[in-house]
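In case you want the letters, here they are:
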Amino acid sequence: MTQSDPAKYFNRQHAAAYDERWSGMAAINDAQHLMLDAVLHKLPSAARILCVGAGTGAELLSMASRHSQWQFIVVEPSAGMMEQCQKRASEAGITDRCTFHEGYLGTLPPADPFDAATSILVSHFFVNLEERRHYFTEIAQRLKPGGTLVTADLAADMASPEYVELVQHWVSLHGVAGIEAKTDHLGRDVGLLSHEETTKLLTSSGFQSPVLIYQALLIQTWVARRSADSISRKDFA
């Protein structure tokens with residue numbers, strides 16, 4: 001565990017109400033999952049996917065419903081979120097294809113390298129840039145060379161002229177979705193990176209060719225491939 005602790009934001013009470021609270025953002029989530037499938041649909045029929053910070057399992061269920069033979073390692077540090085994820089997986093009948101790990105990536109037992117990894121709205125909780133770089137390096141270490149990372153976070157260039165208007169629209173979106181909007185945590189409890197900063201972060205963590213594939217106001221989704229000559233030589237097999 002690093003100094004930052006994303007799990008602190010999601011106790012059991014928050015986890016139980018999470019899906020209902022964010023239901024107004026369903027259209028964005030659906031688009032996110034469509035983009036995810038567009039990127040990953042050519043993976044092998046028996047691909048192994050690492051889902052980091054899986055939350056209540058939204059992207060897990062979406063991938064599992066589209067690809068009946070994929071196997072998943074599900075990593076989630078919040079006990080409450082993991083309970084909800086396992087409950088939803090059981091209801092969907094996919095638990096036989098899932099291995100659940102309640103904890104952080106650093107405590108996940110060694111395993112064969114993965115074809116792809118997802119990290120959806122997780123890394124922005126690592127406000128310290130070096131902690132965030134370590135997080136992505138750990139993911140890169142567990143992927144096959146050329147393996148795919150799909151990562152989504154809140155992101156923006158806070159020094160740019162358009163940032164103020166972007167946040168105003170972000171607040172409006174929450175209002176339309178029936179969700180209380182907060183902005184005081186942006187840049188404080190949630191680290192916002194610019195396009196250039198995100199590119200540098202991913203490339204310095206063992207990935208190559210990061211591409212922004214989807215954006216919904218402050219939500220940005222990126223795709224990158226693990227470098228064949230990744231900075232890490234640690235063997236997880």
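Look up: the structure comes first, before these words.
Read on for a plain summary of the structure. (Residues numbered from 1 in each chain as written. Predicted model: local features only at pLDDT ≥ 70, side-chain atom pairs only at ≥ 80, totals over all residues. Heavy atoms only, no water.)

## Considerations on the overall build of the chain
The test is simple: The helix and strand labels rest on DSSP assignments: H or I over at least four residues marks a helix, E over at least two residues marks a strand, and numbering proceeds from the N terminus. Accessibility here uses a 1.4 Å probe with only protein chains present; expressed as a share of the type maximum, an area under 20% marks a residue as buried, one over 50% as exposed, and anything in between as partly exposed. Every residue pair with non-hydrogen atoms within 4.5 Å of one another is taken to be in contact.
Looking only at helices and strands, the chain features seven helices and seven strands. N-terminal to C-terminal, the α/β element order of the chain is α-α-β-α-β-α-β-β-α-β-α-α-β-β. Looking at the 237 residues of the chain, the share that counts as buried comes to 51%. Contacts spanning at least 24 positions in sequence make up 74% of the contacts within the chain whose residues lie at least 6 apart.

## Here we look at the packing of helix α2 (residues 26-40) against helix α3 (residues 58-66)
The description of two helices packed together rests on the angle between their axes and the distance between the axes. For the record, the criterion: In this analysis, axes come from line fits to C-alpha atoms, helices being fitted only over the stretch in contact, and the angle between any two N-to-C directions falls in the range 0 to 180 degrees. An angle counts as roughly parallel when it lies under 35 degrees, as roughly antiparallel when it exceeds 145, as roughly perpendicular when it falls between 65 and 115, and as oblique in every other case. For any pair of crossing helices, the crossing counts as left-handed if the nearer helix is rotated counterclockwise from the farther one by less than a right angle, and right-handed if it is rotated clockwise. Each residue receives one of three labels: charged for Asp, Glu, Lys and Arg, nonpolar for Ala, Val, Leu, Ile, Met, Phe, Trp, Tyr, Cys and Pro, and polar for the others, Gly being one of them.
One can describe the packing of α2 onto α3 by two numbers: an axis separation of 10 Å at closest approach and a directional angle of 50°. When the interaxial angle is binned, α2 and α3 end up oblique. Along this stretch, α2 crosses α3, giving a crossing that reads as right-handed. Between α2, through His33, Leu34, Leu36, Asp37 and Leu40, and α3, the contact on the second element is made entirely by Ala58, Glu59, Ser62, Met63 and Arg66. Of the residues in the contact of α2 with α3, the class split is five nonpolar, two polar and three charged.

## Some points on the nonpolar core
Quick reminder of the rule: Side-chain atoms within 4.5 Å are what join buried Ala, Val, Leu, Ile, Met, Phe, Trp, Tyr and Cys residues into a set we call a nonpolar core.
Among the nonpolar cores identified, the biggest contains 23 residues, and Leu50, Leu105, Tyr135, Phe136, Ile139, Leu149 and Phe207 are the most heavily contacted of them. If you list the elements that add at least two residues to this core, you get β1 (48-52), β2 (71-76), β4 (114-120), α5 (129-141), β5 (143-154), α7 (195-204) and β7 (219-226). A per-element tally of this core places α5 first, with four residues. With 21 residues, the next largest nonpolar core counts Ile49, Leu61, Cys85 and Ile94 among its residues.

## Overview of the pattern of salt bridges
Cut-off, in case you're wondering: Any Lys or Arg side-chain nitrogen located within 4 Å of an Asp or Glu carboxyl oxygen qualifies as a salt bridge.
Summed over the entire model, instances satisfying the criterion amount to six salt bridges. In this structure, Arg132 engages Asp153 in a salt bridge whose closest nitrogen and oxygen atoms are separated by 3.9 Å. Of this pair, Arg132 sits in helix α5 while Asp153 sits in strand β5, placing them 21 residues apart in sequence. With relative accessibility at 5%, the residue Arg132 sits in the buried group.

## Concerning the pairing of β1
Operational definition: Should DSSP find at least two bridges between two strands, the strands are regarded as paired. A crossover gets the label right-handed when its path from the first strand over the helix to the second runs clockwise, viewed with the strands pointing away from the viewer.
Within β1, four of the five residues are buried, which leaves the element mostly enclosed by the surrounding structure. Pairing geometry for β1 and β2, over five bridges, is parallel. Counterpart to Leu50 in the pairing with β2 is Ile73. Handedness of the crossover is the feature at issue here: the chain leaves β1, passes through α3, returns alongside β2, and the resulting connection is right-handed.

## Quick look at the sheet that holds strand β6 (residues 207-216)
Read from one edge of the open sheet, seven strands run β3-β2-β1-β4-β5-β7-β6, paired in mixed fashion. Of all strands in the sheet, those bounded by a partner on one side alone are β3 (98-102) and β6. The sheet shows a mean angle of 15° between the axes of neighbouring strands, direction not considered. When β5 meets β7, the two strands line up antiparallel, connected through seven bridges. Across the sheet, residue Ala152 finds its bridge partner in β7, namely Thr221. Helix-sheet contacts for helix α4 (residues 79-92) involve β2 and β3, and the interaxial angle to β3 is about 165°.

## Let's talk about α7
Quick reminder: α-helices carry 3.6 residues per turn. Residues three or four places apart thus point the same way. Quick note on the threshold: Taking the helix axis as origin, the arc is that swept by the directions to the C-beta atoms.
Among the residues making up α7, those that are buried are Thr198, Leu201 and Leu202. Mapping the buried residues of α7 onto a view down its axis gives an arc of 90°, with all of them on the same face. In α7, the exposed positions that point more than 90 degrees away from the buried face belong to Glu196 and Lys200. Looking at the packing, one finds that the buried side of α7 touches α5, β5, β6 and β7. Phi for Gly206, located one or two positions after α7, is positive at around 105°.

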